[in-house]
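A look at the structure
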Amino acid sequence: MSRLKLAFLLFIFSSAQAQQKYWVYQPDSLDITHLLPGPKAIFCSDWIKACSYFLTDKQASQIKEAGIPVSPVNQFYYQHTSSPSGFGFALDQIDGQSLVNEGLNGQGVKIGVIDGGFSGVEKDPTLQHFKKEDRLMAFRDYIKKDNPSVLAAQSGDTHGSEVLQLIGGYHPERDILFGLATHAKYYLARTDFEGFEKRIEEDNLIAAMEWMHEEGVEIINISLGYTKGFNNKSENYRPEQMDGQTSAVAKAVEHAATEKGMLIVVAAGNEANILGWNVLSTPGDAEHALTVGSSQLLVWDKARFSSIGPTFLSYTKPDVVVFSGTGTSYSAPIITGLAACIKQFDRELSNLEIIEIIRKSGHLYPYPNNYLGFGVPQCENILKILRDRSNEIERPEIVRTSKNKIKIPLTLKENRIVLYHKNEYHHVVRRAMLRPAKSSVIIKRAQSAQQTTVLFDHSAKEIIWEGP
């Protein structure tokens, strides 16, 4: 972030404070130019008799105290000299403002996006800065063999374009930030065809990963998943095969993560309500993938469609969740942009260290489950972890009881309370929802439950049942 020093009323303000653009109005009866001897005004208008400056909140307050009208101007700069006036819902949920205030934008990080189609990228208003700043480094089309490296020549759906928007998109006219990694370098690959479902698409995905590794890509977003529904039914997977070891794509993701050091972010899938399935799709089952599910917005509960982790896994899936109203395809890219900012902050962090930081920033940590993982990541928590201040993070309160029911006082008016009764492996054995009408609520232990997460709107308590 650029810093400006502004002397005002013989006071030198600290340049460490965040700055914002303001109009400073100049009444006819008072010449204030001598009060602003530091930087030159950005722009002065004779029409409204005002000049714009970059000021800290403290500077603006001092000017107001002197009786001079000051008005903020909300405007977003890619150099992050100020913040956008608005954030996408998911960025707002994870407190993306905290990273923007630090000037983090994925600068210098190479991100790969493997998807089904990137139609409209060159005309999408939220992606124009990629083109202007030469951030689209390369493209490969594994479906259309003629002109396979020409992005403008590819045809297909817009799914990849929408994913790209949520990794690093910004709408200049609406002044809304949709993804955090506005300054990353991007490598795109189209591997999936909307007209059919065949295993050849998995071959394409693996080939794209290997190509991206050759290009030095550090983080890959995969908002694709495979379960059943293939044109040839003999190619369909079974739920018990979502074990991180069966599918070729899961094996490839695991190799990329553990042998090549690549951070692979994968959508969990939208099969929660599909009869006879409901578990996540592959390659989201790979142990060392960063698997992302979807949460609701107001209450940080699981979105209905978001797939859950199989109970036979020895590790927790999904890893985290973040808001999306339409599918986990649009949750994963939010976390991809977040991961790029962490990588920018500390280039020495490994892919697995970044995954652990994101997990530890979740609102349920250290009590995950196979519905929500470690919960919704919080950027403020991430900054505390990066600065060795993890002890300052507010964690879920632990409540221990030897009885089979317990009374929990309510200090705030909650929209609803969600109970996740879990066995010793953090797998949910029963989920229940309460709508509180009093100042307390009685929680009863579910059969075979060892722990119960009591999820409020944005916070949680963890009950540990110590009785037999």
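This section reports on the structure supplied with the text. Since the structure is predicted, the reported quantities are computational estimates derived from the model, not experimental observations. (Residues numbered from 1 in each chain as written. Predicted model: local features only at pLDDT ≥ 70, side-chain atom pairs only at ≥ 80, totals over all residues. Heavy atoms only, no water.)

**Observations concerning the sheet that holds strand β22 (residues 451–455)**
The strands making up a sheet associate through backbone hydrogen bonding, with each pair oriented either parallel or antiparallel. Pairing is mixed across the open sheet formed by five strands, whose spatial order is β17-β23-β22-β19-β20. The open sheet has two edge strands, β17 (397–401) and β20 (428–434), and neither has a second partner. Taken over all neighbouring pairs, the strand axes of this sheet differ in orientation by 20° on average, direction set aside. Where β22 lies against strand β23 (residues 460–465), five bridges are found, and the strand directions are antiparallel. Note on β23: the bridge partner recorded for Val454 is Lys461. (Pairing = 2+ DSSP bridges. Helix = DSSP H or I, 4+ residues; strand = E, 2+ residues; numbered from the N terminus. Axes fitted to C-alpha atoms, helices over the stretch in contact; angles between N-to-C directions.)

**Description of the sheet that holds strand β12 (residues 185–190)**
In space, the seven strands of this open sheet follow the order β9-β12-β8-β13-β14-β15-β16, with parallel pairing throughout. If you trace the sheet from one side to the other, it starts and ends with β9 (136–141) and β16 (320–323), each paired once. The average angle at which neighbouring strand axes cross in this sheet is 25°, direction not considered. The strands touched by helix α5 (residues 159–168) are β8 (110–115), β9, β12 and β13 (219–222); relative to β8, the strand with the most contacts, the crossing angle is about 150°. (Contact = heavy atoms within 4.5 Å.)

**Describing the pattern of salt bridges**
Under the defined criterion, the tally for this structure stands at 16 salt bridges. Linking Arg135 and Glu133 is a salt bridge whose minimum nitrogen-to-oxygen distance equals 2.7 Å. In this structure, Asp301 engages Arg431 in a salt bridge whose closest nitrogen and oxygen atoms are separated by 2.3 Å. Taken together, the residues Asp301 in the loop between β15 (290–295) and β16 and Arg431 in strand β20 connect sequence positions 130 residues apart. A residue is classified by how much of its surface remains accessible, and Arg431, at 36% relative accessible area, is partly exposed. Here the salt bridges do not stand alone but share partners, grouping Lys317, Asp319, Glu356 and Arg359 into one network. (Salt bridge = Lys/Arg side-chain N within 4 Å of Asp/Glu carboxyl O. Buried < 20%, exposed > 50% of the residue type's maximum accessible area, 1.4 Å probe, protein only.)

**Some points on helix α7 (residues 248–258)**
Buried within α7 are the following residues: Val249, Ala250, Ala252, Val253, Glu254, Ala256 and Ala257. Buried residues in α7 make contact with α6 (200–214), β13, β14 (263–267) and α9 (351–360).

**Examining the nonpolar core**
The biggest cluster of nonpolar side chains holds 69 residues, and the ones touching the most others in it are Ile111 and Tyr186. The leading source of residues in this core is helix α8 (residues 332–345), at eight residues. Excluding residues within four positions of it along the chain, Tyr186 makes contact with Ile111, Val113, Phe130, Arg135, Leu136, Met137, Ala138, Leu164, Ile167, Gly168 and Ala181. Met209, Ile222, Val253 and Ala286 belong to the second-largest nonpolar core, a separate cluster that totals 31 residues. (Core = buried A, V, L, I, M, F, W, Y, C linked by side-chain atoms within 4.5 Å.)

**A look at the packing of α6 against α7**
One can describe the packing of α6 onto α7 by two numbers: an axis separation of 9 Å at closest approach and a directional angle of 10°. Judged by the angle between their axes, α6 and α7 are roughly parallel. Contacts between α6 and α7 involve Glu202, Leu205, Ile206 and Met209 from the former and Ala248, Val249, Ala252, Val253 and Ala256 from the latter. Here the residues of the contact of α6 with α7 are counted per class, giving eight nonpolar, no polar and one charged. (Parallel < 35°, antiparallel > 145°, perpendicular 65-115°, else oblique. Nonpolar A, V, L, I, M, F, W, Y, C, P; charged D, E, K, R; others polar.)

**Re the side chain of Asn351**
Positionally, Asn351 belongs in helix α9. A distance of 2.8 Å separates a polar side-chain atom of Asn351 from the backbone oxygen of Met262. (Polar contact = N/O pair within 3.5 Å; in protein donor to acceptor, adjacent residues only side chain to side chain.)

**Describing the environment of Gly86**
For Gly86, the location among the structural elements is in strand β7 (residues 86–87). Judged by its relative accessible area of 16%, Gly86 is buried. For Gly86 and Arg174, which are 88 residues apart along the polypeptide, the C-alpha to C-alpha distance reads 8.2 Å. Other than its neighbours up to four places away in sequence, Gly86 contacts Asp175, Ile176 and Leu177.

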